[in-house]
Amino acid sequence: MCINQGYVPPTCKMDGQLCWLLVNDGKNPCDGCNYNRSDCEGRPKKKKYDSEFYRVAVCIDNHIERERQKQYEEYLRREREKDKRRQEHAKCNAKTIISIVTDIDRRGRPEIEVKVNDLINEIGYVKKYENPDEAICYIPAIIRRYGVGQIQCEIDGYGLGIYDRLKSAELGIDIVPLHYIGLKL
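Values in this document were obtained by computation on a predicted structure and should not be read as measured data. (Residues numbered from 1 in each chain as written. Predicted model: local features only at pLDDT ≥ 70, side-chain atom pairs only at ≥ 80, totals over all residues. Heavy atoms only, no water.)

Visitor: Quick rundown of the pattern of salt bridges? Include the residues and the values.
Guide: Applying the stated criterion to the full structure yields nine salt bridges. We note a salt bridge from Glu 65 to Arg 68, for which the minimum N-O separation is 3.7 Å. Placement of both Glu 65 and Arg 68 in helix 5 (residues 52-90) is noted, with a separation of three residues, approximately one turn of the helix. For Glu 65, a relative accessible area of 43% translates into the label partly exposed. Between Glu 130 and Arg 109 there is a salt bridge; the shortest N-O distance is 3.6 Å. Taken together, the residues span a long stretch of sequence, with Glu 130 in the loop between strand 3 (123-129) and helix 6 (132-146) and Arg 109 in the loop between strand 1 (96-104) and strand 2 (110-118) at a distance of 21 residues. Using a relative accessible area of 42% as the deciding quantity, one classes Glu 130 as partly exposed. What emerges from the salt-bridge pattern is a single network uniting Glu 74, Arg 77, Arg 78 and Glu 81. (Salt bridge = Lys/Arg side-chain N within 4 Å of Asp/Glu carboxyl O. Helix = DSSP H or I, 4+ residues; strand = E, 2+ residues; numbered from the N terminus. Buried < 20%, exposed > 50% of the residue type's maximum accessible area, 1.4 Å probe, protein only.)

Visitor: Go over the sheet that holds strand 2, please, and point to the residues and values.
Guide: Read from one edge to the other, the open sheet built from five strands follows the order 3-2-1-4-5, with strand pairing classed as mixed. Looking at strand neighbours, the two that pair on one side only are strand 3 and strand 5 (174-178), the edges of this open sheet. When the angles between neighbouring strand axes are averaged without regard to direction, this sheet yields 20°. Relative to strand 3, strand 2 runs antiparallel, the two being bridged by seven bridges. If you follow Lys 115 over to strand 3, its bridge partner there is Val 126. (Pairing = 2+ DSSP bridges. Axes fitted to C-alpha atoms, helices over the stretch in contact; angles between N-to-C directions.)

Visitor: Outline the side chain of Thr 102, supporting the account with residue identities and numerical values.
Guide: By the secondary structure assignment, Thr 102 is in strand 1. Look at Thr 102 and you get buried, because its relative accessible area is 10%. Polar contacts involving the side chain of Thr 102 include one to the main-chain amide nitrogen of Gly 159, which spans 3.4 Å. Setting aside chain neighbours within four positions, we find Thr 102 in contact with Glu 111, Ile 112, Glu 154, Asp 156, Tyr 158, Gly 159 and Ile 162. (Polar contact = N/O pair within 3.5 Å; in protein donor to acceptor, adjacent residues only side chain to side chain. Contact = heavy atoms within 4.5 Å.)

Visitor: Break down the packing of aromatic side chains for me, citing the residues and quoting the values.
Guide: Taken as a whole, this structure holds three aromatic pairs when the rule is applied. Note on Tyr 125 and Tyr 146: the rings are 4.7 Å apart at their centroids and 35° apart in plane angle, and the pair reads as tilted. Of this pair, Tyr 125 sits in strand 3 while Tyr 146 sits in helix 6; the two residues are 21 residues apart in sequence, bridging distant segments of the chain. Sitting above the plane of the Tyr 129 ring, Lys 127 keeps its charged end 5.5 Å from the centroid. (Phe/Tyr/Trp six-rings, centres within 6.5 Å; stacked < 30°, edge-to-face > 60°. Lys NZ or Arg CZ within 6 Å of the ring centre and 35° of its normal.)

Visitor: Outline unusual backbone geometry, listing residues and values.
Guide: Of note, Glu 170 is a non-glycine position whose phi angle comes to about 50°, a positive value. By relative accessible area, which is 71% here, Glu 170 ends up exposed.

See below:
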């Protein structure tokens, strides 16, 4: 039927049903045919880049691939910088530091913020407590879990009481009292 209607040449080698399905689907049967054109005398095969749409798609794909490569190279550069910083951090005496800062919240209750700064991995952990006793109870567990080498404790307000309790607990690490004053530039 496809031969009679002129969709394919009379010497076409493609199966008739497949040919008819392609025609009904709006496609040219010769475009996807893999038979030798010298045997079937069909229309020449479309070249890969004949379609304008295909050329644009390939161009966009190449651009996206270049962008991915740039992003990957940037990622590797940042990782190298991070490794270099980690080596510098490793030279420091204290690799992990607990910083304890106290304040009064809006409702007039104490707010104790315990920050664990892992200088090697460049990660910080923070936990807020309302009860100073609760904060002091958790600090030994935090020291064991994160391998803390130093505690920096604010000695203003509630911080002084926390500092005294930590000193008397004999944790076996360096506890540094800090008195914060306004930064003058």
